[in-house]
Number of protein chains: 2
Amino acid sequence: MEHTVTAVGVIDKAARVLAAVEERPLDLAALMVATGLPRATTHRLAVSLEGHGLLRRDPEGRFAPGLRLIALGRAAARALHLPEVARPALEALRDDTGESTQLYVREGDRRICVVSLESPHGLRTIVPVGASLPLDAGSAGHLLTGALDPTDGWVESVGEREPGVASVSAPVRSDDGQVIAAVSVSGPIDRIGAHPGTTHGPAVATAAARVEAALGRVSSDGPSSL
Amino acid sequence: MEHTVTAVGVIDKAARVLAAVEERPLDLAALMVATGLPRATTHRLAVSLEGHGLLRRDPEGRFAPGLRLIALGRAAARALHLPEVARPALEALRDDTGESTQLYVREGDRRICVVSLESPHGLRTIVPVGASLPLDAGSAGHLLTGALDPTDGWVESVGEREPGVASVSAPVRSDDGQVIAAVSVSGPIDRIGAHPGTTHGPAVATAAARVEAALGRVSSDGPSSL
DNA sequence: GAGCATAGTCCCACATGATGAGACTCTGGC
DNA sequence: GCCAGAGTCTCATCATGTGGGACTATGCTC
């Protein structure tokens, strides 16, 4: 795997250690293999990261991501101001399509609605801000697992989360390709049809791209999979 | 502010940089002041961290926590297996008190229920796993803001989240004192009274301590505020 | 219980990578 | 147009990180 090289070699190595344990906790030997570093170096870096709470030992003594990363991850999400930054694009999407629009972010194995704008139609989908929904139902949920990489830039679902409701979603990605949010349009099948992506997909993808642009510089100058 | 010193000075400095931007984004000058590092050093470390996605520039060019931290924070939360590890303690608490018990974690400015065990009583509070609730109502919400440090080890609330419902919560902390979850007992005021902490507080605090113990080595050997 | 392989930890001579003062360019305020 | 201070970059210096190997601990096999 390609590794980012910067002007500070120790940080490069430390980043490799953090990346190595992201998938699953590793003992020292496995961490050596995963990072390609000599044992003494691996040990010294891991213990230093542990000292700062960036790694921890699980009950089996293996190295795992540390709890400081939870707090720092929260700080990163907070600093993004995603709901505020995304709102204009979702308003335009609501006005353009006439349907309810939402923005979801992933939290653990669920998704949380962080922006919700309702359609003027009498019959409309209503998702309150703060609503917690599963990942395995609805177009936004599928996107937020990161397992989909839609070639058209959007995915649709029909009747998955709720009978009679269809939705289209597009991913908001960081510069390194990670899905950080999903923009959605949703409405009754009777009005938006069984293939809402055909009609609304491009507009949803455009809104997601606008959110990405509005976020400005997001994440590193590192390798991008976009 | 005291800084952790380990065997790798560059990681010590990088951790200071990450800590400095946790509260709010900082430009280079402010980051110098916050970390006490010379400008060239600060710049070089910040750009290297940015290269790995651990920092990013916000639209004003200030350094902020990077999006890799969101993914790593998720990995840290996942590796903890908190719901599974906490379940036995919550079962014992439910059996001991006869009331519904829950475990909440913080997500942004809300809290999510990750374990929910219901009382055998016909009249009982029901919070589904996955429920997303605000932080400003209910004992668990107050705890998860991190602003409370209850001397008795628990806090109670009455009728805040829902009329007729009272609750007691105790914090689950990492070794460095951060609140990572809240253990709660909740039930109708008519049965558990207007001061449920008097009756159930010690048991809730004990359950939280059991969860902490069950987590084993959690976070660093760094300075503890406990 | 002995033997062995491999885990984790630590030491230290040495090579090299990080340091930081200062030079340089850019930008915004006056 | 001037200036202060932002951000970026260079490079001589030396302090630090490196990594081979020694050591201890642990778990497994016989």
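Residues numbered from 1 in each chain as written. Chains lettered and ligands numbered in written order. Predicted model: local features only at pLDDT ≥ 70, side-chain atom pairs only at ≥ 80, totals over all residues. Heavy atoms only, no water.

Colleague: It is not clear to me how the protein's contact with DNA strand D should be interpreted in this structure. Could you clarify?
Modeller: Contacts to DNA strand D come from 18 residues, most closely from Lys13(A), Arg44(A), Gly9(B), Leu28(B) and His43(B). Take Lys13(A): an N or O atom from its side chain is 2.8 Å from a phosphate oxygen of DNA strand D. At 3.4 Å, a backbone N or O of Ala29(B) approaches a phosphate oxygen of DNA strand D. Contributions of two or more residues to the surface near DNA strand D are made by helix 1 (9-22) and helix 3 (39-51) of chain A together with helix 1 (9-22), helix 2 (28-35) and helix 3 (39-51) of chain B. With four residues, the top contributor of residues to the surface near DNA strand D is helix 3 of chain A. Of the residues contributing to the surface near DNA strand D, the split by class is nine nonpolar, three polar and six charged. (Near = heavy atom within 4 Å. Polar contact = N/O pair within 3.5 Å; in protein donor to acceptor, adjacent residues only side chain to side chain. Helix = DSSP H or I, 4+ residues; strand = E, 2+ residues; numbered from the N terminus. Nonpolar A, V, L, I, M, F, W, Y, C, P; charged D, E, K, R; others polar.)

Colleague: Would you mind going over the interface of chain B and chain A with me for this structure?
Modeller: Note on interface size: it is often stated as the accessible area lost on association of the parts. Opposite the 62 residues of chain B that make contact, chain A presents 61 residues. Of the roughly 5200 Å² buried where chain B meets chain A, counting both sides, 62% is carbon and sulfur surface. Where chain B meets chain A, there are two salt bridges. The partner of Arg68(A) in a salt bridge is Glu22(B), with the nearest N and O atoms 3.1 Å apart. Scanning the region where chain B abuts chain A turns up 16 residue pairs in polar contact (both at pLDDT 80 or more). Among the elements of the structure, helix 1, helix 3, strand 1 (55-57), strand 2 (63-65), helix 4 (68-80), strand 3 (100-107) and strand 4 (110-117) of chain B are those that each provide at least two residues to the side of chain B that touches chain A. A per-element tally of the side of chain B that touches chain A places helix 4 of chain B first, with 13 residues. For the side of chain B that touches chain A, a count of residues per class yields 29 nonpolar, 16 polar and 17 charged. (Contact = heavy atoms within 4.5 Å. Buried area = accessible area lost by both parts, 1.4 Å probe. Salt bridge = Lys/Arg side-chain N within 4 Å of Asp/Glu carboxyl O.)

Colleague: It is not clear to me how the protein's contact with DNA strand C should be interpreted in this structure. Could you clarify?
Modeller: Around DNA strand C sit 18 residues, and of these Gly9(A), Leu28(A), His43(A), Lys13(B) and Arg44(B) come closest. At the protein interface, 70% of the atoms of DNA strand C within 4 Å belong to sugar or phosphate. Ala7(A) places a main-chain nitrogen or oxygen 3.2 Å from a phosphate oxygen of DNA strand C. Residue Val10(A) places a main-chain N or O atom 2.9 Å away from a phosphate oxygen belonging to DNA strand C. With four residues, the top contributor of residues to the surface near DNA strand C is helix 3 of chain B. Taken together, the residues of the surface near DNA strand C break down into nine nonpolar, three polar and six charged.

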